[in-house]
Amino acid sequence: MSATPVIHLNFRGDARAALEFYATAFGGQSYARTYGEFGMPAGLPDTDKVVFGQVVAPNGFMVMAYDVPGQDAGPATGSTHRENGTTITEQSFFIALNAQTLDEATDYWAALDHGATVVEPLAASAWSAGFGMLTDRFGVTWLFNVAGDEQA
């Protein structure tokens, strides 16, 4: 088994521009999906904002990002929770841990779960066979994603 930590940056409307910048800076490609593409009704203010985005470069650089719903300015710092089917956070970053299988993700989840606050249970999502979030007992928020089974 292996673990690869990936920084997940939280923006307030600038995620797409940031991802494109990082792709150019590190020689990678950016990928972004919006809230609208994942079912948010047309016409709501956040429909065109990024709900899932990443940059992957041949040199191993990887970063993930999204736009905090309902926020249009300023850095994100503080707590993370689920509300009305979306992740709401005040933190400036998460540590994203990509696993190749759901079993591998489950093992890492179990290792960090003691004394943690579960933000979203580890389960299938629109883009992965396994996705979940927890804030460990030290206040670090971890995002788990089964990378080997991505569906996006």
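The structure this text deals with has already been given above.
Model, not experiment: these values are computed from the prediction.

In this structure, what is going on with the sheet that holds strand 7 (residues 93-99)? I would like to understand it.
Whenever strands of a sheet pair, they do so through backbone hydrogen bonds, lying parallel or antiparallel. The sheet built from 8 strands is open, its strands ordered 2-3-4-1-7-10-9-8 with mixed pairing. Each of the sheet's edge strands pairs with one partner strand only, and the pair in question is strand 2 (29-34) and strand 8 (117-123). In this sheet, adjacent strand axes meet at a mean angle of 20 degrees when their direction is disregarded. Strand direction decides the pairing type here: strand 9 (residues 131-135) and strand 10 (residues 141-146), joined by 5 bridges, are antiparallel. Bridge pairing links M133 to L143 in strand 10.

Help me understand the pattern of salt bridges in this model?
One side chain can pair with another of opposite charge once the charged atoms of both are near each other. Counted according to the given criterion, the structure contains 3 salt bridges. With its nearest N and O atoms 3.6 Å apart, the salt bridge here joins R33 to E37. When its relative accessible area of 44% is taken as the criterion, E37 is described as partly exposed. With its nearest N and O atoms 3.1 Å apart, the salt bridge here joins K49 to D46. The pair K49 / D46 is uniform in exposure class, with both members buried.

What counts and what doesn't
Residues numbered from 1 in each chain as written. Predicted model: local features only at pLDDT ≥ 70, side-chain atom pairs only at ≥ 80, totals over all residues. Heavy atoms only, no water. Pairing = 2+ DSSP bridges. Helix = DSSP H or I, 4+ residues; strand = E, 2+ residues; numbered from the N terminus. Axes fitted to C-alpha atoms, helices over the stretch in contact; angles between N-to-C directions. Salt bridge = Lys/Arg side-chain N within 4 Å of Asp/Glu carboxyl O. Buried < 20%, exposed > 50% of the residue type's maximum accessible area, 1.4 Å probe, protein only.

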